[in-house]
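Spelled out, the chains give:
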Amino acid sequence: MSPSQVPQPIHVLSSDLTSVLKNSVEATMVAIIKKNKHTRYFSESPVFAEFHSALRFGRENDGDVSDGILLEIYRSTVPLTTYESYQPFVKKFLAETCREDDVRDMFSPGLPHHIAVTSSTSSSQPKFHCKYQHQGSMRHAFGDGGQTFWTFTLHYRQLAKVQDPNGDIISIIPAGIGSSGAVRLRNGLEVENDYLNIKSAGNWATSPIAVGFISEYRTFMLTHTLFALANSKSIWFGIWKRSGTVLIASIEAGELPSWEGIQHVREYLQPHFPPRPKRAAQLRAVGKATDRPGWLVEIWPKLKTTISIGSGVFSVAVPKVRFLLGPDVQLRSLGFITSEAYVGTVYDTSDLNLFKVTSEDTIEYLDVDKEENASSIVPPWLVEVGKHYEIVCTTRDGLWRYRLGDVIEIAGFDPMDGTPIIRYFERRNVVTWMAGGELTEKHITTAILAVQDTLAPIVEFTAIIDSQSGIPSLGYLVEVDGELHPEAAKAPTKLHNELCRLNEEFDPQRMQTPTIRVLEPGTFGEYRRLKIEAMNSGGGQAKVPVLMWDIKAREWMLARVRRDLSVESNGGVVEG
């Protein structure tokens with residue numbers, strides 16, 4: 001559906017739409033409860049003991065319980081859950097010896113297809129979530145066959161080899177980033193067939209499948225880019241880098257560069273990389289200049305659509321990407337996706353932060369202005385437009401009222417079926433106290449975006465609690481596009497004013513003026529590479545936190561400062 005055909009979200013549900021939405025949500029909830037109520041996690045975890053006691057009360061078995069009673073018991077007994085209750089059960093898959101009797105029907109009937117590993121952006125350790133293959137599950141399309149520039153990975157952190165009582169391996173379950181498992185599921189690339197998969201050209205991306213087995217981050221990105229540049233017909237893409245002389249020379253000669261980490265897949269890639277002298281000449285004619293709108297369309301003349309995360313902190317890069325794409329290429333979101341759950345689909349392709357909540361799982365809403373317990377959960381048909389809620393999900397994969405930690409804003413309801421339409425707002429509890437007020441992720445992000453016209457276009461940023469002056473203050477570490485604006489020294493003062501505007505609880509006299517340190521170009525890219533390789537997580541999974549608490553990471557960043565903008569206590573500007 002084109003953006004002009006998308007109906008505007010409505011702000012109030014009619015009684016008819018309320019009934020439609022309520023019936024749909026409750027039907028999904030009942031189906032999930034019936035499917036997963038006898039799984040190991042839900043049956044054995046003490047967190048759910050009250051549910052089972054209520055279900056058994058006065059009954060010889062639970063087979064005759066009506067749907068209405070099942071829902072009532074669920075709502076009154078199932079508490080909010082976190083990874084703390086889930087972890088002891090998922091660890092059994094990661095044990096050195098993984099026995100079928102210990103893991104079958106753990107979170108959902110059967111064995112999982114893959115295990116999604118989080119990026120550990122908001123915690124010190126990654127989290128592991130089992131993903132099952134469900135009959136009739138929606139498969140989300142990513143592009144249009146072999147003309148899609150898509151930076152997929154098939155890398156896994158480890159393999160869970162499930163053994164039967166005789167010690168024979170009956171299933172091999174890869175544990176890696178969620179998108180890797182999704183690629184395997186969508187394209188039938190089972191891990192036990194990787195010896196064959198690696199030889200295939202694939203028919204759903206510009207890169208051969210073997211590129212997905214490269215674990216070295218820089219080589220992974222460059223190789224995907226090389227194959228996309230060699231294809232002048234690419235019409236979608238997920239990420240890009242500037243073409244250089246090495247890439248063009250390689251395309252002209254049909255010879256892959258000797259990048260680190262490519263040796264083990266080189267023999268499988270080379271047959272798919274013939275010489276393309278005409279394409280090389282086209283790229284040389286375009287050149288590397290990126291200071292003109294639509295430059296990417298000069299690289300890929302048939303480029304039509306670009307998919308990217310563009311909400312929250314990722315919105316920083318949107319203006320630059322739109323500039324490079326030009327006016328005729330659509331920039332759209334992939335959806336509201338987490339390692340734990342698929343929260344929502346794109347509602348309006350012209351809006352990067354507008355999502356229609358999924359109907360495949362159950363999404364509930366925790367009122368952020370009330371106590372953090374199950375009594376503060378609001379069902380979808382009672383949420384209010386403009387209010388903020390934390391997402392709570394009960395899924396076919398075996399999560400029960402699981403707190404995602406993502407706060408959303410209700411934008412309205414779909415006039416066709418009443419489903420909530422939401423916007424991502426911020427991470428919950430990414431917060432610190434400063435100058436008499438609460439400093440949130442939203443404050444930090446909104447403030448730095450507001451000073452780009454004074455500082456410079458921002459490529460990426462993170463923030464730290466800066467104590468260099470002896471008094472804790474907010475410090476920004478930023479990469480910028482090009483040179484600083486002539487009045488960049490005024491940016492810290494403008495930041496101070498913007499933060500005080502965003503939260504009136506801040507005392508302007510007590511609020512220290514934020515510091516801004518401009519980092520060397522490429523710092524965040526190098527940070528991602530180091531983090532991905534340290535975690536062995538595969539390309540594409542290394543988020544930069546909005547507020548960085550990791551001392552080692554902070555010191556590593558501070559060692560790469562190119563310019564330091566700060567303000568003395570008397571108001572004088574100091575540039576380092």
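Below, the structure is looked at part by part. A quick note: this is a predicted structure, and the numbers were derived from the prediction, not measured.

## A word on the overall build of the protein chain
Part 1 of the reasoning: Within the protein chain one finds 18 helices and 24 strands.
Part 2 of the reasoning: Looking at the protein chain as a whole, 53% of its 576 residues qualify as buried.
Part 3 of the reasoning: Sequence-distant contacts, at least 24 apart, represent 65% of the contacts inside the protein chain between residues at least 6 apart.
Part 4 of the reasoning: Counting only carbon and sulfur atoms, one obtains 50% of the accessible surface of the protein chain, whose full area is about 25,800 Å².

## Looking at the packing of helix H15 (residues 441-449) against helix H16 (residues 491-502)
To describe two helices that pack against each other, one gives the angle between their axes and the distance between the axes.
Part 1 of the reasoning: In contact at an axis separation of 9 Å, H15 and H16 are set at 135° when each is read in the N-to-C sense. On the basis of the axis angle, H15 is oblique to H16. Our pair here, H15 against H16, has a crossing hand that is right-handed. From H15, His443, Thr446, Ala447 and Ile448 reach across to H16, where they touch Leu495, Glu498, Leu499 and Leu502.

## Focus: H16
Helical geometry: 3.6 residues make up each α-helical turn, so side chains three or four residues apart lie on a common side.
Part 1 of the reasoning: Taking 1.5 Å per residue as the helical rise, H16 with its 12 residues ought to reach 16 Å, and the 16 Å between its terminal C-alpha atoms agrees with that figure.
Part 2 of the reasoning: Taken together, the buried positions of H16 are occupied by Ala491, Pro492, Leu495, His496, Glu498, Leu499 and Cys500.

## Comments concerning the sheet that holds strand E2 (residues 114-117)
Part 1 of the reasoning: If you walk across this open sheet you meet the five strands as E1-E5-E6-E2-E3, and the pairing is mixed. Two strands lie at the open edges of the sheet, namely strand E1 (98-99) and strand E3 (128-131), each paired on one side alone.
Part 2 of the reasoning: Relative to strand E5 (residues 158-163), E1 is paired through two bridges, and the arrangement is parallel. Its bridge partner lying in E5, Cys98 is registered against Val162.

## Re the nonpolar core
Side chains of nonpolar character tend, in soluble globular proteins, to be buried together.
Part 1 of the reasoning: Core analysis: the biggest nonpolar cluster contains 59 residues, and Phe51, Phe93, Phe107 and Tyr365 have the highest contact counts within it.
Part 2 of the reasoning: By size, the runner-up hydrophobic cluster in this structure holds 48 residues, among which are Ala205, Leu256, Trp295 and Leu325.

## A look at the pattern of salt bridges
Part 1 of the reasoning: By the definition in use, this model includes 29 salt bridges.
Part 2 of the reasoning: With its nearest N and O atoms 3.1 Å apart, the salt bridge here joins Arg396 to Asp361. Linking Arg396 in the loop between strand E15 (388-394) and strand E16 (402-413) with Asp361 in the loop between strand E12 (355-357) and strand E13 (362-367), this pair joins segments that are 35 residues apart in sequence. For the pair Arg396 and Asp361, a shared accessibility class is recorded, and that class is buried.

## Things to note about the pairing of E16
Part 1 of the reasoning: Here E16 lies mainly inside the structure; 11 of its 12 residues are buried.
Part 2 of the reasoning: Bridging between E15 and E16 involves five bridges; their strand directions are antiparallel. Bridge assignment links Tyr389 to a residue of E16, and that residue is Ile408.
Part 3 of the reasoning: Bridging between E16 and strand E17 (residues 420-427) involves seven bridges; their strand directions are antiparallel.

## What to know about the side chain of Thr118
Part 1 of the reasoning: If you trace the backbone, Thr118 turns up in the loop between E2 and E3.
Part 2 of the reasoning: Among the residues examined, Thr118 registers a relative accessible area of 10% and is labelled buried.

## So, helix H14 (residues 318-325)
Part 1 of the reasoning: When we look at burial in H14, the residues that qualify are Val318, Leu324 and Leu325. Projected onto a plane normal to the axis of H14, the buried residues spread over an arc of 130° and lie on a single side.
Part 2 of the reasoning: Looking one or two residues past H14, Gly326 carries a phi angle of roughly 85°, positive in sign.

## A few points about the environment of Ile377
Part 1 of the reasoning: For Ile377, the location among the structural elements is in strand E14 (residues 377-378).
Part 2 of the reasoning: Of the residues examined, Ile377 reaches a relative accessible area of 13% and is grouped as buried.
Part 3 of the reasoning: Put simply, Ile377 and Glu390 are 13 residues apart on the chain and 9.1 Å apart in space, counted from C-alpha to C-alpha.

## Some thoughts on the pairing of E2
Part 1 of the reasoning: The two faces of E2 match: His114 and Ala116 on one face and Ile115 and Val117 on the other face are all buried.
Part 2 of the reasoning: Examined bridge by bridge, E2 and E3 share four bridges and lie antiparallel to one another. Looking at E3, one finds that Ile115 is bridged to Cys130.
Part 3 of the reasoning: Here three bridges tie E2 to strand E6 (residues 169-177), and the two strands are oriented parallel to one another. Bridged to Ile115 within E6 is Ala175.

## A look at the sheet that holds E15
Part 1 of the reasoning: In space, the eight strands of this open sheet follow the order E10-E11-E12-E17-E16-E15-E13-E14, with antiparallel pairing throughout. Whereas interior strands pair on both sides, the edge strands pair on one side only; in this sheet they are strand E10 (336-337) and E14.
Part 2 of the reasoning: Pairing between E13 and E15: six bridges, direction antiparallel. Paired with Thr362 across the two strands is Thr394, which belongs to E15.
Part 3 of the reasoning: Together, E13, E15 and E17 form the strand contacts of helix H1 (residues 15-36), whose direction differs from that of E13 by roughly 110°.

## Some points on unusual backbone geometry
Part 1 of the reasoning: Although it is not a glycine, Asp105 sits at a positive phi angle of roughly 60°.
Part 2 of the reasoning: According to the relative accessible area criterion, Asp105 is partly exposed, its value standing at 32%.
Part 3 of the reasoning: Although it is not a glycine, Arg401 adopts a positive phi angle of roughly 45°.
Part 4 of the reasoning: Looking at the secondary structure, you find Arg401 in the loop between E15 and E16.

## Description of the packing of aromatic side chains
Part 1 of the reasoning: Counting across every chain of the model gives 19 aromatic pairs.
Part 2 of the reasoning: Pairing Phe42 with Phe48 gives two aromatic rings, centres 4.6 Å apart and planes at 40°, and the pair type is tilted.
Part 3 of the reasoning: Here the aromatic residues Tyr41, Phe42, Phe48, Phe51, Tyr74, Tyr83, Tyr86, Phe89, Phe107 and Trp400 are joined through ring pairs into a cluster of three or more.

## Details of the environment of Lys278
Part 1 of the reasoning: Following the sequence through the fold, Lys278 ends up in helix H12 (residues 277-286).
Part 2 of the reasoning: The class of Lys278 is exposed, set by a relative accessible area of 71%.
Part 3 of the reasoning: In the structure, Lys278 is positioned 26 residues away from Glu252 in sequence and 7.6 Å away in space, judged by C-alpha atoms.

## Comments concerning the environment of Phe273
Part 1 of the reasoning: Following the sequence through the fold, Phe273 ends up in the loop between helix H11 (266-269) and H12.
Part 2 of the reasoning: Measuring from C-alpha to C-alpha, the distance between Phe273 and Leu226 comes to 9.6 Å, with 47 residues separating the pair along the chain.
Part 3 of the reasoning: Leave out the neighbours within four places in its chain, and Phe273 touches Leu226, Phe227, Ala230, Ser250, Ile251, Gly254, Glu255 and Leu256.

The rules behind the values
- Residues numbered from 1 in each chain as written.
- Predicted model: local features only at pLDDT ≥ 70, side-chain atom pairs only at ≥ 80, totals over all residues.
- Heavy atoms only, no water.
- Helix = DSSP H or I, 4+ residues; strand = E, 2+ residues; numbered from the N terminus.
- Buried < 20%, exposed > 50% of the residue type's maximum accessible area, 1.4 Å probe, protein only.
- Contact = heavy atoms within 4.5 Å.
- Areas by Shrake-Rupley, 256 points an atom, 1.4 Å probe, with all protein chains shown as cover.
- Axes fitted to C-alpha atoms, helices over the stretch in contact; angles between N-to-C directions.
- Parallel < 35°, antiparallel > 145°, perpendicular 65-115°, else oblique.
- Left-handed = near helix turned anticlockwise from the far one by under 90°.
- Expected span 1.5 Å × (residues − 1).
- Pairing = 2+ DSSP bridges.
- Core = buried A, V, L, I, M, F, W, Y, C linked by side-chain atoms within 4.5 Å.
- Salt bridge = Lys/Arg side-chain N within 4 Å of Asp/Glu carboxyl O.
- Arc of directions from axis to C-beta.
- Phe/Tyr/Trp six-rings, centres within 6.5 Å; stacked < 30°, edge-to-face > 60°.

None of this, on its own, says anything about what the molecule does.
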